[in-house]
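Commentary on secondary and tertiary structure
The chain contents come next:
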Number of protein chains: 6
Amino acid sequence: MRYDGREPQQLRPVHIEVDYLKHPEGSVLITVGDTKVICSASIEDKVPPFMRGQGKGWITAEYSMLPRATETRNIRESSKGKVTGRTMEIQRLIGRALRAVVNLEAMGERTVWIDCDVIQADGGTRTASITGAFVAMAHAFNKLYKNKKIKTLPITDFLAATSVGILKDGKVVVDLNYVEDSAAQVDMNVVMTGNGEFVELQGTGEEATFSYNQLQELLKGAQEGLVELFDYQKQALGEELSGLITNAKKR
Amino acid sequence: MRYDGREPQQLRPVHIEVDYLKHPEGSVLITVGDTKVICSASIEDKVPPFMRGQGKGWITAEYSMLPRATETRNIRESSKGKVTGRTMEIQRLIGRALRAVVNLEAMGERTVWIDCDVIQADGGTRTASITGAFVAMAHAFNKLYKNKKIKTLPITDFLAATSVGILKDGKVVVDLNYVEDSAAQVDMNVVMTGNGEFVELQGTGEEATFSYNQLQELLKGAQEGLVELFDYQKQALGEELSGLITNAKKR
Amino acid sequence: MRYDGREPQQLRPVHIEVDYLKHPEGSVLITVGDTKVICSASIEDKVPPFMRGQGKGWITAEYSMLPRATETRNIRESSKGKVTGRTMEIQRLIGRALRAVVNLEAMGERTVWIDCDVIQADGGTRTASITGAFVAMAHAFNKLYKNKKIKTLPITDFLAATSVGILKDGKVVVDLNYVEDSAAQVDMNVVMTGNGEFVELQGTGEEATFSYNQLQELLKGAQEGLVELFDYQKQALGEELSGLITNAKKR
Amino acid sequence: MRYDGREPQQLRPVHIEVDYLKHPEGSVLITVGDTKVICSASIEDKVPPFMRGQGKGWITAEYSMLPRATETRNIRESSKGKVTGRTMEIQRLIGRALRAVVNLEAMGERTVWIDCDVIQADGGTRTASITGAFVAMAHAFNKLYKNKKIKTLPITDFLAATSVGILKDGKVVVDLNYVEDSAAQVDMNVVMTGNGEFVELQGTGEEATFSYNQLQELLKGAQEGLVELFDYQKQALGEELSGLITNAKKR
Amino acid sequence: MRYDGREPQQLRPVHIEVDYLKHPEGSVLITVGDTKVICSASIEDKVPPFMRGQGKGWITAEYSMLPRATETRNIRESSKGKVTGRTMEIQRLIGRALRAVVNLEAMGERTVWIDCDVIQADGGTRTASITGAFVAMAHAFNKLYKNKKIKTLPITDFLAATSVGILKDGKVVVDLNYVEDSAAQVDMNVVMTGNGEFVELQGTGEEATFSYNQLQELLKGAQEGLVELFDYQKQALGEELSGLITNAKKR
Amino acid sequence: MRYDGREPQQLRPVHIEVDYLKHPEGSVLITVGDTKVICSASIEDKVPPFMRGQGKGWITAEYSMLPRATETRNIRESSKGKVTGRTMEIQRLIGRALRAVVNLEAMGERTVWIDCDVIQADGGTRTASITGAFVAMAHAFNKLYKNKKIKTLPITDFLAATSVGILKDGKVVVDLNYVEDSAAQVDMNVVMTGNGEFVELQGTGEEATFSYNQLQELLKGAQEGLVELFDYQKQALGEELSGLITNAKKR
């Protein structure tokens, strides 16, 4: 058993509160254990310059932490005057992951701005961001669809993310909290579609390495956790919207 | 009656949820109508260079908005690489206001970092920030006091803020929401102590002016609203902590 | 009597030298005691993007200090690569104040750039900037008017500013110099029109508070000082231009 | 066969020129097809602040491209005044990867600065950087070792990197050049030790996904390519230095 | 004759007003025709990090223009967030030039900060800055010397600068104003000591070239102008201080 | 004889490798002793905003050093977030120098971007950059000319640069390496056309001065060195392209 009483394969409690904010087209507050992220999806009726005139849309993501989301207060990136490498890496990951399940042609020349703001951090903020942002984005697209601005929901499948890791004692665990994450030998983030296909796989041995067999174990653990996360997403999306995505997936 | 059905003197519904975050020494989520601000108070055991060796503490504040706190998404200041003039003005105001009711000597060589993060904006974000930050700061100081790191609670009085304004039709109203604020001829922010003394008074006619008599009316409106806000603060502080502040005030 | 020999209500010697610079449409060197500010007004035949197509003009202000305007050399903001919060607050104040006495429609789609550069600082630089900038702006508009680019002088009233404060001994004084300002309990800047209406009121207790009665005293002091400042402005504007403004005011 | 005539499993021609620069402790020019990277390793006798006093060293990496390394000139990051997200992601990857095969305790309180400057780019610049930087770093450590500043060579194994991908036609190929990379459905970078253990695995489907079986094929392709790269590294390190690393690995 | 009525060898009217500012150790307002520069010299009792512990002092210079010093308003460098190449080039030149006539050992571990702020520009701002800054610096050093903080005046000779150029018609002229400067084929700045030795020579053909013979003519013109400038400096320094410098020069 | 065995008038070994890079329109690797610079010339079919609609082209240059081009690693300007004064001065010099031998009208509304990246530094990097950049630019223009995009080669003469200096012992030497440069009393960079006309002359006494006679000696030394450099350029340009330039020069 893990120090917080969980089984190796057990996720922390997950909750997704939809329509958390008044202004954005889609928004959720996702809670995974003590990690809390506000994810919003804003639709803009134009695309960035490098995409213009191609009849396609774009998804772009920004990620940030409140200064006191963490145990020790971290300095605001706006005060530092620049965004850290870690933040850039995460926001590129979120945008890329979401684009993998969106039909950019079907969304028209629009941009979806995803904002993931970590209110409280306890490990797994980037994977919670992806899982929550997917729901926010689906709600935002649904609004466009209901207003007949687009003919089909431009989402091709569900998408969620979780972390897996190898602890110091060699145990493979899923959904690491901050304490586990800091001490893990190997940390892997897995982004997967509802179909079980990989979208992104980022495994890192920090001052450590991992074998082919360990990799297989990590992937198995991730997959089991992700199946549960898709269920939480479906609840947050409601039957009708989930149905639309499930059907899209079959086509 | 105002367009949202309020009387001229009526505040919007106020709610202050304490201990909203896990990590900071003090934190609240303050809700004033549709305006929601997370205020946290973090204690650091040193002071900024310009204060060192004086045996005094310091209060500093930072203010920010989530990109989608507003109706139209605003660009993150971290992306722009600099903090706007409006943000700087507000964070200077918050810090200055709080310092007016803190005995800096009694708090020792410590810094209190106040973070006000606007989750949702509908007018009055700076005054809600001050009202909420006071409660977060009091809780943070109380923690120090209970842990016997300081001998007395270094707070000398309650502190809250509200806005008053003159609408286009000349009516004086209190606690303006965004629609009223955008259209007001005169906008005034008043920061006051529990004792009824002014800490800060910022009245501005945007492309308009106001007379001495109108000023008196504005001040009267503000004072009435602030009396109510002190009650909300007392509820959020609890009887014991409120009592400590009330007693300090008498000394 | 004050330590520099002035009466509580006495302004420092004021001098406004017009057409101080060769290139700008309007410019003055305003001297208030040892405080010296070069104020220039430059007219540009377009407005910022957010104002375009509304048939209105805009006034924008910038404020800066020479590094050795102060007793201790201060680092240039261009070397720091960013403008401080104090500077931003002041330049927003100057622009806002001037716009209150300008008919933006009557000036056409033009921008007036106000530059206030403090050559020597001894307290009250922001109020001297406003008082001087008004004169520079009036001269610049007069040039447009004489060249028949605009049909009326788009100024609706005189505008000046001064500071008032409460010293440690409780005395209310007007036009604080640096030594007084540093030690004052309460500091208030008042921007007023020739008509006696308030445009901006910023009262601050730094680690102190002030009562309703003290506020009334401060306002009275400010008003008396401002009456004198309007006279200095009229001299600097000349009879003809002063007359145009006085008439506008009556309409 | 691939459009440049290679077999799916075939690397581009690889050349590693050692001691390419005069000043650094270690340096190489690595050529992989038309991709050319200058990698240098500089030893500094102190560690960054967050590492001080732990008796351990640190490896940090910087990555950059000449403006005309690419087909279209890209703007210098120094002109833009900031480093892009892509650059940050790559330099974090290079540093993390190298640290996995270095015994930080054995290197003492020193920093190795790795600089990877891409002179000419044709795909695979980050993997060429890792492969080349390992050789430069080993030479730099060897200099310390020969000068008796450290007792053992603090390297625990060889380290190289390559890319694998799935082309539009579903074919799995190794060491993608720019044309292949731009068109690939899936792109994976694999960093491996001489022992065959993974250090980093980054697989990305850009607007596409990949299955478990495809992942296995990709890993197999990467492993075969990496075996060849270790041979090129051994030639560039020479027999003696390669021997030291091989022995360390066995311990 | 030149278009403003001067002879080719004739300088514009020069005036140097000493002790122009209240706070700095030395300050002048130098006027050369319509070019006006405030030069101040501030003494700081420490040197920059790279000079520490060498028992020597340092001279550093900063240069800036008021936005409306020029015919068209130029954007403040503090607003742009960075200093232009032109500004950097000029401030490096001023510092380097002054250091050539200062005995850095004799001034002790101090920094002289030179600030040259152009109030009004009409060509030759950099040469006027050097000529004026020398006088400000000499006064600042004299203050140290009179206060017995240094044993000798650490200045080894006079220093002044002027411009020479070749106009479109091939005429060689001295002290170009803005109109001449903009149209000149060749522009040369000459910094010289009282002794007639060169300190800095910067000749530039903008889209043009100049021959060896033309160079000799330019140098002759500069030398004649500089002799006059040394006289203006002596007047501004006064007899006593000029005498000290003249004597130092002879040693 | 000099400490590296050269005669006072002797250049270091020079080598210019043409077409060093695959992508740019023109590129060379120039080697002058241990100084190595990659110079590339990129042609863009538009001009900067301030040049538009004049029917003329523009030449702009950027200069940078690899962090480990120097004996001690220097911090990347992209990490610092700004370009140093030295870099700006050098890139302005390179651009200005090249423009002096280009017929901007004849090149059409195009920009030539010159990039000089110092791979290894041992003194004279700016003069090597100019000498190399001229060759790269000529090749780039030749490509345009051969593709009939321009009617004539828009180059009016050869252009090269070298340094001359006065060592501590008073000896005048040409082409200083880093050790000589650091210790020289006077350092002068001379940019000259094939015709023997000056384009740029920058002589600096760092904490020293130089006489009229020394200046004549320096100029003579520079001229002799430059004659040799023109020969190296002709070899690198080939007979045909050299011939075109020689003929242009005669016109």
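Structure: above.
Keep in mind that this is a model prediction, so the values were computed, not measured.

Next up on the list: the overall build of chain A. Broken down by element type, chain A carries 5 helices and 9 strands. Radius of gyration (C-alpha) of chain A: 18 Å, near the 18 Å computed for a compact globule of 251 residues. When its C-alpha atoms are laid out on the principal axes, chain A stretches across 55 × 45 × 30 Å. By the burial criterion, 62% of the 251 residues in chain A qualify as buried. Summarising the internal contacts of chain A: among those between residues at least 6 apart in sequence, 69% fall at separations of at least 24. Looking at chain A as shown, the accessible area adds up to about 9,500 Å², and 49% of this sits on carbon and sulfur atoms. The centroid of the 31 positive side-chain charges in chain A is displaced by 6 Å from the centroid of its 33 negative side-chain charges.

The antiparallel open sheet is built from 8 strands, whose spatial order is 7(B)-6(B)-8(B)-9(B)-9(C)-8(C)-6(C)-7(C). The open sheet terminates on both sides in strands that have one partner only, identified here as strand 7 (172–174) of chain B together with strand 7 (172–174) of chain C. Between one strand axis and the next, the sheet turns by 15° as a mean value, whatever way the strands run. Note: strand 6 (residues 159–166) of chain B against strand 8 (residues 186–193) of chain B, 8 bridges, orientation antiparallel. Residue pairing for strand 8 of chain B: Gly165(B) is matched across the bridge by Asp187(B). Strands strand 6, strand 8 and strand 9 (198–205) of chain B of the sheet are contacted by helix 3 (residues 125–146) of chain B, whose axis makes an angle of about 165° with strand 6 of chain B. Sheet strands touched by helix 2 (residues 85–99) of chain C: strand 9 of chain B together with strand 6 (159–166), strand 8 (186–193) and strand 9 (198–205) of chain C. Its angle to strand 9 of chain C, the strand with the most contacts, is close to 150°.

Okay, the relation of the copies chain B and chain A next. By a simple turn and slide, chain B fits onto chain A: the slide is 0.0 Å along the axis, the RMSD is 0.0 Å, and the turn is 180°. Expressed as an axis order, the relation between the two copies is that of a two-fold axis. A shared interface surface links the copies, since 100% of the contact residues of chain B are contact residues in chain A too.

The next thing to look at is the sheet that holds strand 4 (residues 58–65) of chain B. Each strand in a sheet pairs with another by means of backbone hydrogen bonds, the pair being arranged parallel or else antiparallel. Residue and element names in this part refer to chain B. Read from one edge to the other, the open sheet built from 5 strands follows the order 1-2-3-5-4, with strand pairing classed as mixed. At either margin of the open sheet sits one strand with a lone partner, and together these are strand 1 (14–18) and strand 4. Taken pair by pair, the neighbouring strands of this sheet meet at an average axis angle of 15°, ignoring direction. Two elements, strand 1 and strand 2 (residues 26–32), share 5 bridges in a ladder whose sense is antiparallel. When the bridges of strand 2 are listed, His 15 appears paired with Thr 31. Against the sheet, helix 2 (residues 85–99) engages strand 4 and strand 5 (111–120), with an angle of about 145° to strand 4. In this fold helix 3 packs onto strand 1, strand 2, strand 3 (35–44), strand 4 and strand 5, with an angle of close to 35° to the strand it touches most, strand 3.

Superposing chain D onto chain A takes a rotation of 180° combined with a translation of 0.0 Å along the rotation axis, leaving an RMSD of 0.0 Å. Same-surface contact between copies: 100% of interface residues of chain D are shared with the interface of chain A.

Tracing the backbone shows Asp122(F) in the loop between strand 5 (111–120) and helix 3 (125–146). According to the relative accessible area criterion, Asp122(F) is buried, its value standing at 12%. Ignoring any residue separated from it by four or fewer positions in sequence, one finds Asp122(F) in contact with Lys22(D), Arg12(F), Asp34(F), Thr35(F), Leu176(F), Asn177(F) and Tyr178(F).

Another point: the interface of chain B and chain A. Each partner contributes to the interface: chain B provides 34 residues, whereas chain A provides 34 residues. Between chain B and chain A lies a buried interface of about 2,900 Å² when both sides are counted; carbon and sulfur atoms form 47% of it. Inspection of the region where chain B meets chain A yields 14 salt bridges. Across the salt bridge formed by Asp117(A) and Arg76(B), the nearest N and O atoms sit 3.0 Å from each other. Sorting the residues of the side of chain B that touches chain A by element identifies strand 3, strand 4, helix 1 (77–80) and strand 5 of chain B as the ones contributing at least two each. Ranked by residue count, the leading element in the side of chain B that touches chain A is strand 5 of chain B, at 6 residues. The residue inventory of the side of chain B that touches chain A, partitioned by class, reads 13 nonpolar, 9 polar and 12 charged.

In this section: the side chain of Asp175(B). Residues and elements named next belong to chain B. With respect to the helices and strands, the residue Asp 175 is situated in the loop between strand 7 and helix 4 (178–183). In terms of polar contacts, Asp 175 uses its side chain to reach the backbone amide nitrogen of Arg 12, at 2.8 Å. If we ignore the near neighbours within four places in the chain, the residues touching Asp 175 are Arg 2, Arg 6, Leu 11, Arg 12, Val 32, Thr 162, Ser 163 and Glu 180.

Next up on the list: the layout of surface pockets. Estimates place the volume of the second largest pocket at around 420 Å³. Forming the walls of the second largest pocket are 17 residues, and the residues nearest its centre are Arg73(D), Ser42(F), Ile43(F), Glu44(F) and Trp113(F). Elements with a contribution of two residues or more to the lining of the second largest pocket: strand 3 (35–44) and helix 3 of chain F. Take the lining of the second largest pocket: its biggest share by element is 3 residues, from strand 3 of chain F. Here the residues of the lining of the second largest pocket are counted per class, giving 4 nonpolar, 4 polar and 9 charged.

With that out of the way, let us pick up the packing of aromatic side chains. This structure, assessed with the given rule, holds 18 aromatic pairs over all chains. Residues Phe210(A) and Phe198(D) carry aromatic rings whose centres are separated by 5.5 Å and whose planes lie at 40° to one another, so their mutual orientation is tilted. One end of the pair, Phe210(A), is in the loop between strand 9 (198–205) and helix 5 (212–250); the other, Phe198(D), is in strand 9 (residues 198–205), on a second chain. Among the residues examined, Phe210(A) registers a relative accessible area of 0% and is labelled buried. Assessed through its relative accessible area of 1%, Phe198(D) is described here as buried. A cation over a ring is seen here: Lys234(B) above Phe158(B), with NZ or CZ 5.0 Å from the ring centre.

Turning next to the arrangement of the chains. Where chain A comes nearest to chain E, the C-alpha atoms are still 11 Å apart, and the two do not contact one another. Contact between chain B and chain F is absent, and the minimum C-alpha spacing across the pair is 11 Å.

Time to look at the environment of Leu21(B). Position of Leu21(B) among the secondary structure elements: in the loop between strand 1 and strand 2. C-alpha of Leu21(B) to C-alpha of Cys39(B): the two residues are 18 residues apart in sequence and 9.4 Å apart in space.

Counting residues at the interface gives 34 residues for chain D, matched by 34 residues for chain A. For the pair chain D and chain A, the summed buried surface comes to about 3,000 Å²; carbon and sulfur atoms form 51% of the total. For the chain D face of the interface with chain A, the top three residues by lost area are Glu89(D), Phe198(D) and Glu207(D), together amounting to 19%. Connecting chain D to chain A are 2 salt bridges. Put simply, Arg92(A) and Glu89(D) hold a salt bridge, and the shortest N to O gap is 2.6 Å. Counting every contact that joins chain D to chain A gives 15 residue pairs in polar contact (both at pLDDT 80 or more). Listed by contribution, the elements that provide at least two residues to the side of chain D that touches chain A are helix 2 (85–99), strand 8 (186–193), strand 9 and helix 5 (212–250) of chain D. Here the element with the most residues in the side of chain D that touches chain A is strand 9 of chain D; it accounts for 8 residues.

Okay, the packing of helix 2 of chain D against helix 3 (residues 125–146) of chain D next. All names here are of chain D. Across the interface, helix 2 lies against helix 3 with an axial gap of 10 Å and an inter-helix angle of 40°. By the criterion of interaxial angle, the relationship of helix 2 to helix 3 is oblique. Read as a crossing pair, helix 2 and helix 3 show a hand that is right-handed. Residues Arg 86, Ile 90, Leu 93, Ile 94, Ala 97 and Leu 98 of helix 2 lie in contact with helix 3, whose contacting residues are Thr 125, Arg 126, Ser 129, Ile 130, Ala 133, Phe 134 and Met 137. For the contact of helix 2 with helix 3, the class distribution of residues is 9 nonpolar, 2 polar and 2 charged.

How each quantity is defined
- Throughout, a residue's number is its position along its own chain's written sequence, starting from 1.
- For this description, chains carry letters from A and ligands carry numbers from 1, given in the order in which they are written.
- Only residues with pLDDT of 70 or above have their local features reported here, since the model is predicted, and side-chain atom pairs are shown and tallied only from 80 upward, although totals for entire chains, interfaces and linings are computed over all residues.
- As a convention, hydrogens and water are excluded, and side-chain values are obtained from all of the structure's heavy atoms.
- Comment: elements are numbered from the N terminus, with helices defined as DSSP H or I runs of at least four residues and strands as E runs of at least two.
- Based on C-alpha atoms, the radius of gyration is set beside the globule rule, defined as 2.2 Å times the residue count to the power 0.38.
- Burial classes: relative accessible area under 20% of the type maximum marks a residue as buried, over 50% as exposed, and values in between as partly exposed (1.4 Å probe, protein chains only).
- In this description, contact between two residues means that some pair of their heavy atoms is separated by no more than 4.5 Å.
- Each accessible area is a Shrake-Rupley estimate made with a 1.4 Å probe; only the visible protein chains count as cover when residues are assessed.
- Here the positive residues are Lys and Arg and the negative ones are Asp and Glu; neither His nor the chain ends is included.
- All charge positions are set by atom: Lys at NZ, Arg at CZ, Asp at CG, Glu at CD.
- DSSP calls a pair of strands paired once it identifies at least 2 bridges connecting them.
- Axis lines are fitted to C-alpha atoms, over the contacting stretch for helices. Their N-to-C directions set the angle, which ranges from 0 to 180 degrees.
- Copies overlap after least-squares fitting; the atoms used are the C-alpha atoms of residues with pLDDT of at least 70 in both.
- As used here, buried area is the combined drop in accessible area, with a 1.4 Å probe, of two parts when they are placed together.
- We define a salt bridge as a side-chain nitrogen of Lys or Arg found within 4 Å of a carboxyl oxygen belonging to Asp or Glu.
- Side-chain classes are defined by residue name, with Ala, Val, Leu, Ile, Met, Phe, Trp, Tyr, Cys and Pro counting as nonpolar, Asp, Glu, Lys and Arg as charged, and the others, Gly among them, as polar.
- We call two N or O atoms a polar contact when they sit within 3.5 Å, provided that within protein one can donate a hydrogen and the other can accept it, with sequence-adjacent residues counted only if both atoms are side-chain atoms.
- Buriedness of a pocket was judged along seven lines, with at least five required to meet protein on both sides within 12 Å; pockets are open sets of points on a 1 Å grid over the protein atoms alone, cavities are sets where a 1.4 Å probe fits but cannot get out, and lining residues have an atom within 4 Å of a point.
- Grid points are joined across faces, edges and corners, and a volume is the space filled by probe spheres set on the points.
- Pairing of aromatic side chains here covers Phe, Tyr and the six-membered ring of Trp, requires ring centres within 6.5 Å, and sorts the geometry by plane angle: under 30 degrees stacked, over 60 edge-to-face, intermediate tilted.
- Only Lys NZ and Arg CZ are tested; either one counts as a charge over a ring when it is within 6 Å of the ring centre and within 35 degrees of the ring normal.
- Should an angle fall under 35 degrees it is taken as roughly parallel, and over 145 as roughly antiparallel, whereas 65 to 115 is taken as roughly perpendicular and any remaining angle as oblique.
- Handedness of a helix crossing follows the sense of rotation of the near helix relative to the far helix, less than a right angle counterclockwise being left-handed and clockwise being right-handed.

Remember that the coordinates give geometry; whether it matters functionally is a separate question.
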